[in-house]
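Remarks on the overall topology
One-letter residues, chain by chain:
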Amino acid sequence: MDFNLKKLTSDAGVFFTRAVQFTEEKLGSAEKTELDAHLENLIARADCTKNWTEKIFRQTEVLLQPNPSARIEEFFYEKLDKKIPSRTTNGELLGQYMLDAAKDFGPGTPYGSTLITVGEYQSRLGGAEREFLQTSAINFLTPLRNFLEGDWRTISKERRLLENRRLDLDICKARVKKAKQAEAKAAAEPDFQETRPRNYVLSASASAAEQELRVAQTEFDRQAEVTRLLLEGISSTHVNHLRCLHEFVEAQATYYAQCHQYMQELQKELSRYPNSFASNANPSTSATSPSPVSSATLPGVSPPCLASTSTPGIAREPSGPLKIQDVQQPSTGHRKAKVLYDYDAHDTSELSLLADELITVYTVPGMDPDWLVGERGNQKGKVPVTYLELLS
């Protein structure tokens, strides 16, 4: 108990003298031993590496898991050293909802069968996302976390120890300086009655201070060398993080390539289904339902090419030419549309369009779903859906 109390008292004294030295240095009333330029550069490089690694790590976590609650949950599982439970991705959940909905709507219906196909591909996209998240966490996030929680903590500990050794060295320098000043003052003003005893004490005090200085200098040099070796290891850290970055990019490229492949396959699958929603619906429901083509149109995109329709150039109705003059506007089901691009009519059944103008559009039974009937004043004709933005 006495030993512990003495040690506690000694540590408190050391802490106090260090605090005094640090405060005097900040106030400019005490000298400070500067580190060599090479060591200072290594420290600055290490701090830069730590700061940017931490930012990249945090933002990568947000990219891979945007849900903050899920990130907090994973953090606690890691701290408790427990396995993180498997979490269903949004794509897999959407796919499951579509498959369940298809069962209620009827797998034999056009809508139900399409839901099954889309749901299966959404599940595949979710599986690809899950694999990407796992690969990125192992190959990219884990090495960054190991550096921040392992190597950097060791470096920070040694740097704090180096700072303490530097403070001890400067304290010893200050003691030696004071001892020599006292010895010089005693020599300049001798006391003939007690000259030998006082000079002897001052000389012994200066010798003890110089011995402490030599010990402090040795410990400081040794700690500076240890810290330097650790900081030079930052170069190896950069090489390791570079390799991990390449692996992260490879995982991203693989994930996006899989998504692109699945979406191409899904489009091919959907193109095999008969497009019966326009022919089976009445005019009012067809006109009020937003077209999937027009809703995907974005401002600033170049005018779409119509070469992919039923015939080269302009799409035509499969049931033969429609007599526009005989078509009457329905009492309900028509809506306004904004023209996105200029369009020149190719025959008398079509209506020429000017960008940014507003027209009235509607559909009729048996009409190609890529086309609508457009009216502008007394003019009437077919207009391509992809050139329009349907307004609510």
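This report concerns the structure included in the present document. The shown structure was predicted, so the numbers you read here are calculated from the model rather than taken from an experiment.

A look at the nonpolar core
In terms of nonpolar packing, the biggest core is built from 40 residues, with Leu35, Leu39, Phe132, Leu162 and Leu231 touching the most fellow members. Secondary structure elements with two or more residues in this core: α2 (37-64), α4 (90-105), α5 (110-188), α6 (195-232) and α7 (234-271). In this structure, Tyr341, Leu353, Tyr362 and Leu388 belong to the second largest nonpolar core, which totals 20 residues.

Topic: the packing of aromatic side chains
All told, the structure shown has 8 aromatic pairs when counted by the stated rule. A centroid spacing of 4.7 Å and a plane angle of 15° characterise the contact between Phe140 and Phe248, whose relative ring orientation is stacked. Note that Phe140 is positioned in helix α5 and Phe248 in helix α7, a separation of 108 residues in sequence. Take Phe140 and Phe248: they sit in the same class, and that class is buried. A cation over an aromatic ring shows up here: Arg124 above the ring of Tyr121, its NZ or CZ 4.6 Å from the ring centre. For the cation-ring pair, Lys382 lies above Trp371, with the distance from its terminal atom to the ring centre recorded as 5.5 Å.

A look at the packing of α2 against α7
Axis separation between α2 and α7 bottoms out at 12 Å; the angle between their running directions is 20°. One finds that α2 runs roughly parallel with respect to α7. Of the two elements, α2 crosses α7, and the hand of that crossing is left-handed. The residues of α7 that touch α2, namely those facing Arg45, Ala46, Thr49, Thr53, Thr60 and Leu63, are Ile234, Ser235, His238, His241, Phe248 and Gln252.

Section: the pairing of strand β3 (residues 371-376)
A large share of β3 lies buried, amounting to 5 of its 6 residues. Pairing of strand β2 (residues 358-362) with β3 involves 3 bridges; the strand directions are antiparallel. By the bridge assignment for β3, Thr360 is matched with Glu375. For β3 and strand β4 (residues 379-384), the ladder comprises 6 bridges, and the chain directions are antiparallel. Opposite Glu375, over in β4, you have Lys380 as the bridge partner. Here β3 hands over to β4 after 2 residues, with Gly377 in that stretch at a positive phi of 65°.

Considerations on the side chain of Glu158
Note on placement: Glu158 falls in helix α5. Lys157 provides the closest opposite charge to the buried, salt-bridge-free Glu158, at an N-O distance of 5.5 Å. Among the polar contacts listed, one links the side chain of Glu158 to the side chain of Gln223, at a separation of 2.6 Å.

Side note on the pattern of salt bridges
Opposite charge on two side chains allows them to pair when their charged atoms are near. Taken as a whole and assessed by the stated rule, the structure comprises 18 salt bridges. With its nearest N and O atoms 3.7 Å apart, the salt bridge here joins Glu265 to Arg124. One end of the pair, Glu265, is in helix α7; the other, Arg124, is in helix α5, and 141 residues separate them in sequence. Since its relative accessible area comes to 38%, Arg124 is described here as partly exposed. The partner of Lys380 in a salt bridge is Glu375, with the nearest N and O atoms 3.9 Å apart. By relative accessible area, which is 15% here, Glu375 ends up buried. Here the salt bridges do not stand alone but share partners, grouping Arg18, Arg165, Asp168 and Glu219 into one network.

A word on α4
Over its 16 residues, α4 extends 22 Å from the first C-alpha to the last, a length consistent with the 22 Å expected when each residue adds 1.5 Å. Within α4, the full set of buried residues consists of Gly91, Glu92, Gly95, Met98 and Ala102. In an axial view of α4, the angular spread of the buried residues amounts to 120°, which keeps them on one side of the axis. Of the exposed residues in α4, those oriented more than 90 degrees away from the buried face are Asn90, Tyr97, Lys103 and Asp104. Just downstream of α4 lies Gly106, where phi reads positive at about 105°.

Conventions used here
- Residues numbered from 1 in each chain as written.
- Predicted model: local features only at pLDDT ≥ 70, side-chain atom pairs only at ≥ 80, totals over all residues.
- Heavy atoms only, no water.
- Core = buried A, V, L, I, M, F, W, Y, C linked by side-chain atoms within 4.5 Å.
- Buried < 20%, exposed > 50% of the residue type's maximum accessible area, 1.4 Å probe, protein only.
- Helix = DSSP H or I, 4+ residues; strand = E, 2+ residues; numbered from the N terminus.
- Phe/Tyr/Trp six-rings, centres within 6.5 Å; stacked < 30°, edge-to-face > 60°.
- Lys NZ or Arg CZ within 6 Å of the ring centre and 35° of its normal.
- Axes fitted to C-alpha atoms, helices over the stretch in contact; angles between N-to-C directions.
- Parallel < 35°, antiparallel > 145°, perpendicular 65-115°, else oblique.
- Left-handed = near helix turned anticlockwise from the far one by under 90°.
- Contact = heavy atoms within 4.5 Å.
- Pairing = 2+ DSSP bridges.
- Lys, Arg positive; Asp, Glu negative; His and termini not counted.
- Salt bridge = Lys/Arg side-chain N within 4 Å of Asp/Glu carboxyl O.
- Polar contact = N/O pair within 3.5 Å; in protein donor to acceptor, adjacent residues only side chain to side chain.
- Expected span 1.5 Å × (residues − 1).
- Arc of directions from axis to C-beta.

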